[in-house]
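Take a look at the letters that make up each chain.
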Amino acid sequence: MPESLPPLTVDIDGTLTDDTRAVDPRVFPVLQSWPSTIVIATGKAMPYPVALCEFLGLETRVIAENGGVVVPGRERDAIFLADTEAIESLAAAYRERGHSLGWGSADLVNRWRATELAVSRESPLDPLADLADEYGLTVVDTGYAYHVHSASVDKGVGLSRMAAELGRETRDFAFVGDSPNDVPGFEVAGIAVTVDNAPDAVKSQADYSAPGAYGDGFLDAVEWLSERYR
């Protein structure tokens, strides 16, 4: 890969994974040898992207919970851009109406989540959306879960804060993703790339749509970026 490649912000689910949500191991050497800054930007709770960085030997630069949490480095404080009070009230009200979050009693999806709530797509959306309106929150369907969070945060907000913490501009970054929750990141990044499993509405917001899906698409995106920045 050329040394001139830009800083990279990349989603996990649907972008670095296969269609079973397992991370495609072919992406590991690419991430490990990227010549510039890498930021992992995900809807998952903070421990998941932090673990990915740790096990790959990457500097821990993470945007988690759709922009609600920003970790600009292993030796830096985690930054929380939204509070949990309204989220906790909404979760309680949703359960009181007889609905489950859908993840079982352990709820490993939300157990370490700090600024938002993730609800299974098998759970009813309409009452969730009604409660979100009541509590002044927003619901985003990522294709993997319904994410409920403050309307003041998204991956674009998270990238803006990350860039500021690193002394960069958001336009310095390339952003690779696949879901509607990636679009705010596309809007502030210098260049946006998506993969073939992305919905058409997401593809329409990207500068380039890779021909491959999932991890294949990420590898295609890397080839395209390498040619563009050579």
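Read on for a plain summary of the structure. Predicted model, so just to flag it, every value in this text is computed and none were measured.

Basis of the calculations
- Residues numbered from 1 in each chain as written.
- Predicted model: local features only at pLDDT ≥ 70, side-chain atom pairs only at ≥ 80, totals over all residues.
- Heavy atoms only, no water.
- Pairing = 2+ DSSP bridges.
- Helix = DSSP H or I, 4+ residues; strand = E, 2+ residues; numbered from the N terminus.
- Contact = heavy atoms within 4.5 Å.
- Axes fitted to C-alpha atoms, helices over the stretch in contact; angles between N-to-C directions.
- Buried < 20%, exposed > 50% of the residue type's maximum accessible area, 1.4 Å probe, protein only.
- Patch = residues over 30% accessible without salt bridge, like charges linked within 9 Å, V, L, I, M, F, W, Y side chains within 5 Å.
- Areas by Shrake-Rupley, 256 points an atom, 1.4 Å probe, with all protein chains shown as cover.
- Salt bridge = Lys/Arg side-chain N within 4 Å of Asp/Glu carboxyl O.
- Phe/Tyr/Trp six-rings, centres within 6.5 Å; stacked < 30°, edge-to-face > 60°.

**Some points on the sheet that holds strand β4 (residues 69-71)**
The strand order across the open sheet built from 8 strands is β5-β4-β3-β2-β1-β9-β10-β11, with neighbouring strands paired in mixed fashion. Each edge of the sheet is formed by a strand with only one pairing partner; in this case those strands are β5 (79-80) and β11 (208-209). Where strand β1 (residues 8-10) meets strand β2 (residues 38-41), 3 bridges bridge the pair, whose relative direction is parallel. Each bridged residue has a counterpart across the sheet, and for Thr-9 the counterpart in β2 is Val-39. Its contacts with the sheet place helix α2 (residues 47-56) against β2 and β3 (62-64), and it is angled at close to 155° to β3. On the sheet, helix α8 (residues 214-228) packs against β1, β9 (174-177), β10 (191-194) and β11 and is oriented at approximately 150° with respect to β10.

**Some points on the pairing of strand β6 (residues 116-119)**
Of the two faces of β6, the one holding Glu-116 and Ala-118 and the one holding Leu-117 and Val-119 are both buried throughout. Bridge count between β6 and strand β8 (residues 146-150): 4 bridges; the pairing is antiparallel. Directly across from Leu-117, in β8, lies its bridge partner Val-148.

**Structural notes on a nonpolar patch on the surface**
On the surface, a nonpolar cluster with roughly 300 Å² of combined accessible area is contributed by Tyr-48, Leu-108 and Trp-112. Within the element layout of this structure, Leu-108 appears in the loop between α3 (85-96) and β6. On the basis of relative accessibility, which here comes to 44%, the residue Leu-108 falls in the partly exposed class.

**Some words on the pattern of salt bridges**
Oppositely charged side chains can form a pair if their charged atoms are brought close together. Taken as a whole and judged by the stated rule, the model has 17 salt bridges. When the shortest N-O distance is used, the salt bridge between Glu-165 and Arg-161 registers 3.0 Å. Placement of both Glu-165 and Arg-161 in helix α5 (residues 155-166) is noted, with a separation of 4 residues, approximately one turn of the helix. The partly exposed category is assigned to Glu-165, whose relative accessible area is 26%. Using a relative accessible area of 33% as the deciding quantity, one classes Arg-161 as partly exposed.

**Remarks on the packing of aromatic side chains**
Across all of its chains, the model carries 3 aromatic pairs by this definition. A ring pair is formed by Tyr-48 and Trp-112, whose centres lie 6.4 Å apart and whose planes are at 65°; its orientation type is edge-to-face. A residue pair is termed long-range when its members are at least 10 positions apart, and Tyr-48 in helix α2 and Trp-112 in the loop between α3 and β6 qualify at 64 residues. Where Phe-175 meets Phe-186, the ring centres are 5.6 Å apart and the plane angle is 80°; that geometry is what we call edge-to-face.

**Considerations on the sheet that holds strand β7 (residues 137-141)**
Read across the open sheet, the 3 strands follow the order β6-β8-β7; overall the sheet is antiparallel. Two strands lie at the open edges of the sheet, namely β6 and β7, each paired on one side alone. Averaged over neighbouring strand pairs, the angle between their axes works out to 20° when direction is ignored. Contacts from α3 reach β6, β7 and β8 within the one sheet, and its direction differs from that of β6 by about 30°. Helix α4 (residues 125-134) contacts β6, β7 and β8 of the sheet and is inclined by roughly 150° relative to β7.

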